[in-house]
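# A look at the structure
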Amino acid sequence: MGDILIVDDERDIRELVSDILRDEGYGTRTVANSEQCLEELQKDPPGLMILDIWLKDSRMDGIDILKHVKSHNPSIPVVIISGHGNIEIAVAAIKQGAYDFIEKPFNIDQLTVVVRRAMETSRLRRENSELRRGDAAAVEMIGASPAFNTLKSQLDKVTRSNGRVMLTGQPGTGKESAARYIHANSGRADKPFVVLNSAAVEPGRVEELLFGRESVERGLAPGLLEQADGGVLYMDEVAEMPLGAQSKVLRVLTEQQFTRVGGTDRIGVDVRVISSTNRNLPAEIESGRFRSELYHRLNVVPIDVPSLSERREDVPRLAEHFIAALNRDQGLPLRRLSDEAATLLQTMAWPGNVRQLRNVIERVLILGPEREDIAAEEVPADEGKTNGSSQVVLSASLATLPLREAREVFEREYLMAQINRFGGNISRTASFVGMERSALHRKLKSLNVVTSTRSGARVACVGTEEDA
């Protein structure tokens with residue numbers, strides 16, 4: 001996709017333009033009518049088209065071909081030429097999405113300048129597309145915990161299909177990274193990965209952003225669906241989408257066609273849709289804020305992305321990954337995570353999940369002292385665990401309890417944190433806290449602490465009366 005396709009019914013014009021452009025170092029192809037043009041577009045899309053408006057013995061004229069190109073190959077710049085040109089034709093062509101208009105007989109210098117600029121536009125579009133694909137291909141899934149392994153196994157299975165995937169989980173768990181992993185390891189990896197952040201778009205602009213628009217005053221602008229053709233459209237926080245847009249998205253998923261805002265032509269696309277949400281969509285449906293039909297269309301393969309509290313074993317590995325990435329990308333110090341700091345990170349509350357952990361690591365690297373190891377006191381434990389010194393800060397509820405009850409609450413919380421840190425492994429927990437395994441089991445039973453499986457991991461929690 002780097003040559004120039006010349007479409008003109010006059011053989012002399014085709015050959016003249018081709019010779020001029022070949023002298024400038026461009027590769028060219030020439031066709032005489034719309035049928036040949038569409039065949040070439042299907043076989044190998046060019047980097048640029050030079051298109052005559054009037055085509056004898058053709059089913060479509062130049063404007064019709066232009067509309068087709070803008071619908072099916074919107075990244076290809078089209079330069080219109082005509083010997084019967086006037087200002088009305090030029091304006092009509094530009095409004096339909098043409099890059100520029102040149103009237104016959106044309107000036108050779110003008111032709112080469114316009115072609116040079118249009119080819120530069122084509123090159124930049126290709127590079128941007130390749131960069132987007134490269135971002136997806138560079139996605140790494142970091143972890144080794146049971147919850148992470150369950151997630152990765154599910155993701156690997158869906159990469160082999162084109163089924164729609166619904167990713168659920170708390171904010172910051174890495175739902176977009178999971179979507180990019182699916183794309184990068186699928187048969188669509190060399191096609192675009194396009195993101196619609198439903199929560200960040202004004203309600204009145206969702207339809208125009210998705211479907212594009214066309215008007216006499218503002219011309220043609222392809223939407224995200226056209227940009228994602230052949231690849232993946234990732235709809236982030238889909239529960240935030242307005243009801244009116246939901247019904248139109250449902251129609252697109254059903255028909256694989258849509259109409260631009262202000263337009264009349266039906267445009268077909270081949271797009272795999274991956275969506276995500278941190279909300280309870282059945283509850284949103286019950287309250288009338290989300291369409292049941294759309295939910296069932298999107299929720300073909302549901303995958304839950306576990307929170308960081310469900311994969312605490314992965315915290316040191318993730319922290320080391322962020323240290324290396326921040327050193328590589330921002331030049332921050334390449335420091336080692338001490339065992340004490342790793343232990344503290346594993347036992348902290350992470351309401352913001354992986355995103356919050358990355359922010360904490362970045363803060364430590366920016367503000368920390370110039371020494372090799374990251375010490376535990378450098379970790380900003382502002383979740384009420386410590387005050388950064390060796391003193392323990394008591395919560396108001398704990399401070400008001402008698403010693404025996406306070407000790408029981410502390411032991412329960414401490415042991416639950418350690419069990420979760422080691423992914424439910426009682427043997428490793430017992431070794432770390434300095435207890436025999438049988439003694440730990442007795443202690444857990446007396447504290448009414450049980451373990452249960454959640455997202456593929458063993459998680460400690462307070463038992464019910466039935467568990468006791």
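Quick note: structure is the one above.
First things first, this report covers the structure right here in the doc. Everything quoted here is computed from the prediction, not taken from an experiment.

### Let's talk about the overall build of the chain
A count of helical and extended segments in the chain gives 19 helices and 18 strands. Across the 468 residues that make up the chain, the buried fraction comes to 46%. In the chain, once contacts between residues fewer than 6 apart in sequence are set aside, the share between residues at least 24 apart is 68%. Split by element, the accessible area of the chain, about 23,500 Å² in all, is 48% carbon and sulfur.

### So, the sheet that holds strand S1 (residues 4–7)
Sheets are built from strands that pair by backbone hydrogen bonding, the pairs being arranged parallel or antiparallel. Here we have five strands laid out as an open sheet, ordered S2-S1-S3-S4-S5, and parallel in their pairing. Each of the sheet's edge strands pairs with one partner strand only, and the pair in question is strand S2 (28–31) and strand S5 (100–103). The average angle at which neighbouring strand axes cross in this sheet is 20°, direction not considered. Relative to strand S4 (residues 78–82), strand S3 (residues 48–52) is paired through four bridges, and the arrangement is parallel. Note that in S4 the partner of Ile50 across the bridge is Val79. Sitting on the sheet, helix H1 (residues 11–23) is in contact with S1, S2 and S3, with an inclination near 175° to S2. Along the sheet, helix H2 (residues 34–43) makes contact with S1, S2 and S3, crossing S2 at roughly 145°.

### As for H2
For H2, every residue scored as buried is listed here: Ser34, Cys37, Leu38, Glu40 and Leu41. End-on, the buried residues of H2 take up no more than an arc of 160°, which puts them together on one face. Counted as exposed and oriented over 90 degrees from the buried face of H2: Glu39, Gln42 and Lys43. Elements that come into contact with the buried residues of H2 comprise S1, S2, S3 and helix H3 (62–72).

What counts as what
Residues numbered from 1 in each chain as written. Predicted model: local features only at pLDDT ≥ 70, side-chain atom pairs only at ≥ 80, totals over all residues. Heavy atoms only, no water. Helix = DSSP H or I, 4+ residues; strand = E, 2+ residues; numbered from the N terminus. Buried < 20%, exposed > 50% of the residue type's maximum accessible area, 1.4 Å probe, protein only. Contact = heavy atoms within 4.5 Å. Areas by Shrake-Rupley, 256 points an atom, 1.4 Å probe, with all protein chains shown as cover. Pairing = 2+ DSSP bridges. Axes fitted to C-alpha atoms, helices over the stretch in contact; angles between N-to-C directions. Arc of directions from axis to C-beta.

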